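Architecture at a glance
Read off the chains here:
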Amino acid sequence: MRNLILFSITLVLFSCKEKVPENVKTRGLITQNAMVVSARAEASKIGSDILKQGGNAFDAMVATELALAVAYPYAGNLGGGGFMVYRKNNGEYGALDYREKAPLAATKDMYLDSLGNIIPDKSTLGAMAVGVPGTVAGVFEVHKKLGSLPIKTILEPVIKLAKKGVIVTKKQEKRIKKYQPFFKKANQDSIIFDKNWKENDTIKYPQLAKTLERILKNGRDEFYKGETAKTLAKFMQDNGGIITEEDLALYQAKWRKPITFTYDDLKVISISPPSSGGVCLAQIMKMIEPYDLNDYGHNSVKSIQVITEAERRTFADRSHFLGDPDFVNIPIDSLIDASYLNSRMSNFSFKKATLSSDVTYGNIEVMESDETTHYSIVDQFGNAVAVTTTINGAYGSKLYCQELGFFLNNEMDDFSSKPGEPNMFGLIGAEANSIAPQKRMLSAMTPTIVEKNGELFMVVGTPGGSTIITSVLQTILNVHEYGMTMQDAVNAPRFHHQWLPDEIRLEKNGFSKKLKTELQNLGYPINENRSPILGKVDAILVLDDKTYEAGADYRGDDTAIGF
């Protein structure tokens, strides 16, 4: 069996790491029974092993989430939050919101100076950038409602991984080096990541192991009311932050009703606010549904035009209407109504680009880090989960609690620090997403499950900041409209438009000079220079014979493991 696992890892690494011509059909890892696809092999293996022991997708979710906190501190976390969408084997579906919250002492203008200008770095670097973490509450909420194995069985391999350590990959070595100057700015003392880590080194996390052992012993309340909570609150205040023991004690994850809609013969189940992902995905897909993308061809000028114009209008709506539904009334039904969306596209023409300056929000923008992480799971019983989790920026606020062994998020930057001003990802915010105590900040995370003919078809999601929504969209379209394998759908070059700035961002070296010239001649500014990797999609496709195909993104160290 061990040889089979090693063969599977080798197969998926071979099939996922090299970019191949689009006309060559590449298959990802195929499994008969179950699969986990995540940002690191260690996390996927722990999740898969839990399934092998008879656990379900929800047990594997807990294991994979916490394993990513160990193996992928760049975005995996105890100090952040996220969203889960699930579909049970009986067709029942739901969603969990364990997004971070603003502390009680947060104020609307906390990142502005006396003249009303945004104070540089205050919402992104250090303790003032941190929102109240939700990850531990999230995994325990999932386990309580839907899990089947004892929490001890799930947590023990994660604790073992933290003690044994994780091997540094080439990509991780580069990431650590890149962010070391910021670690020094955010932390009063040196941290484990200040060392000169090289590829194939092993980083051990003894303090994180101790934190996880206390959580195993005392449950979720250890993090929110126990010794860990006291240590964390003191650490935050010692470093100039405002999170208190009361903030931690008040935190609760929240079950939400997912956004659901149809596209051709597909039913799409995606995350609801305070993530904008599901609403935006619904708007874009409903706007493009009347157009024959299959006939236009993959990444053709006409396909890119239609999708770009739908994205432009959607992101304009996003910046105005969306926020935390516990604080803001969001007209979701109106925003995803077909007649409204048809009217939004009524001034689109294939002859020339619409100007973003001519597109405001409809008569009834984006914030998010590139350094989120996503994982997809299908178990041997037919249950599926799509989970996107984050500490926002790379290594979050860069503030690392040595005593507890993890980074803290900089999620407060996902609020509108000043309505009308762009955040670190160029996304424009509005009043609906202004800061308030206990409020959840808007997100672009888009964990999504797709049904076809009433049966499970796809599990998909990605990191990528504002490009999350558009990367999930293109992955679904690549399979459904263009007949790609899951791996080819993930490998394919991606593009992105977010209303402002008014430009199409193209993944570097993925598009021909001829196509770029044609788009420019139609009035579409092209940006390949500021086009970070547009997502690292981790997805699962149910094939006709009911086996599963992985799409693990070659752009990261992402790996699929299953059986």
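Owing to the predicted nature of the structure, the values given are computational and were not obtained by experimental measurement. (Residues numbered from 1 in each chain as written. Predicted model: local features only at pLDDT ≥ 70, side-chain atom pairs only at ≥ 80, totals over all residues. Heavy atoms only, no water.)

**Comments concerning the pairing of strand E9 (residues 266-270)**
With respect to burial, E9 is a largely interior element, four of its five residues being buried. Relative to E9, strand E8 (residues 259-263) runs antiparallel, the two being bridged by five bridges. Considered in E9, the bridge of Thr-260 is made with Ile-269. Counting the residues that bridge the hairpin from E8 to E9 gives two residues, and of these Asp-264 lies at a positive phi of roughly 55°. Note that E9 and strand E14 (residues 448-452) share five bridges and pair antiparallel. Note on E14: the bridge partner recorded for Val-268 is Val-450. (Buried < 20%, exposed > 50% of the residue type's maximum accessible area, 1.4 Å probe, protein only. Helix = DSSP H or I, 4+ residues; strand = E, 2+ residues; numbered from the N terminus. Pairing = 2+ DSSP bridges.)

**Observations concerning the pairing of strand E11 (residues 384-390)**
Within E11, seven of the seven residues are buried, which leaves the element mostly enclosed by the surrounding structure. Pairing analysis gives seven bridges linking strand E3 (residues 81-87) to E11, with the strands arranged antiparallel. Each residue of the ladder has a partner; that of Arg-87, found in E11, is Ala-384. Two strands pair when backbone bridges link them, and strand E10 (residues 373-378) and E11 are joined in this way by six bridges, in the antiparallel orientation. Bridge pairing in E11 places His-374 opposite Thr-388. Linkage of E10 to E11, two consecutive antiparallel strands, is achieved through a turn of five residues, within which Gly-382 is found at a positive phi near 95°.

**A few points about the packing of helix H11 (residues 277-288) against helix H13 (residues 301-321)**
To characterise two packed helices, one gives the angle between the axes of the helices and the distance between these axes. For the pair H11 and H13, the least separation of the axes is 9 Å and the interaxial angle reads 145°. In the crossing of H11 with H13, the sense of the turn from one axis to the other is right-handed. Together, Cys-280, Gln-283, Ile-284, Met-287 and Ile-288 of H11 and Val-306, Ile-307, Ala-310, Glu-311, Arg-313, Thr-314, Asp-317 and Arg-318 of H13 make up the contact between the two elements. Counted by class, the contact of H11 with H13 contains seven nonpolar, two polar and four charged residues. (Axes fitted to C-alpha atoms, helices over the stretch in contact; angles between N-to-C directions. Left-handed = near helix turned anticlockwise from the far one by under 90°. Contact = heavy atoms within 4.5 Å. Nonpolar A, V, L, I, M, F, W, Y, C, P; charged D, E, K, R; others polar.)

**Focus on the packing of helix H3 (residues 57-71) against helix H4 (residues 135-146)**
The contact between H3 and H4 brings their axes to 9 Å, and the two run at 165°. One element, H3, and the other, H4, form an angle in the roughly antiparallel class. H3 and H4 meet at a crossing whose hand is left-handed. Within the contact between the two elements, H3 uses Phe-58, Asp-59, Met-61, Val-62, Glu-65 and Leu-66 and H4 uses Thr-135, Val-139, Val-142, His-143 and Leu-146. A per-class count over the contact of H3 with H4 returns seven nonpolar, two polar and two charged. (Parallel < 35°, antiparallel > 145°, perpendicular 65-115°, else oblique.)

**What about the UniProt feature "active site" (unreviewed entry) in the protein?**
Per the UniProt record, "active site" (unreviewed entry) is found at Thr-372. Mapped onto the elements, Thr-372 comes out in the loop between helix H15 (338-344) and E10. Residue classification places Thr-372 among the buried positions, given a relative accessible area of 1%. A distance of 3.1 Å separates polar atoms of two side chains, one belonging to Thr-372 and the other to Thr-390. (UniProt positions renumbered as here; feature names shortened; annotations may be inferred. Polar contact = N/O pair within 3.5 Å; in protein donor to acceptor, adjacent residues only side chain to side chain.)

**With respect to the UniProt feature "binding site: L-glutamate" (unreviewed entry) in the protein**
The feature "binding site: L-glutamate" (unreviewed entry), as annotated in UniProt, sits at Arg-99, Thr-390, Ile-391, Asn-392, Asp-414 and Gly-465 in this numbering. Position of Asp-414 relative to the elements: it lies in the loop between strand E13 (406-407) and E14. Judged by relative accessible area, which is 0%, Asp-414 ranks as buried.

**A short note on the pattern of salt bridges**
In this structure the tally under the stated criterion is 35 salt bridges. In this structure, Asp-414 engages Arg-99 in a salt bridge whose closest nitrogen and oxygen atoms are separated by 2.8 Å. One exposure class covers both Asp-414 and Arg-99, and it is buried. We note a salt bridge from Arg-555 to Glu-507, for which the minimum N-O separation is 2.7 Å. With a gap of 48 residues between them, Arg-555 in the loop between strand E20 (548-552) and strand E21 (559-562) and Glu-507 in the loop between strand E17 (504-506) and helix H18 (513-521) connect regions that are remote in the sequence. Accessibility classification places Arg-555 together with Glu-507 in one group, the buried group. (Salt bridge = Lys/Arg side-chain N within 4 Å of Asp/Glu carboxyl O.)

**Here we look at the sheet that holds E11**
Ordered in space as E7-E4-E3-E11-E10-E2-E21, the seven strands form an open sheet in which the pairing is antiparallel. One side of each edge strand has no neighbouring strand; the edge strands of this open sheet are strand E7 (254-256) and E21. The mean angle between the axes of side-by-side strands here comes to 15°, regardless of whether they run parallel or antiparallel. Note that strand E2 (residues 35-38) and E21 share four bridges and pair antiparallel. When the sheet's bridge partners are listed, Val-36 is paired in E21 with Ile-561. Each of E2, E10 and E21 touches helix H2 (residues 41-52); the most contacted strand, E2, lies at about 160° to it.

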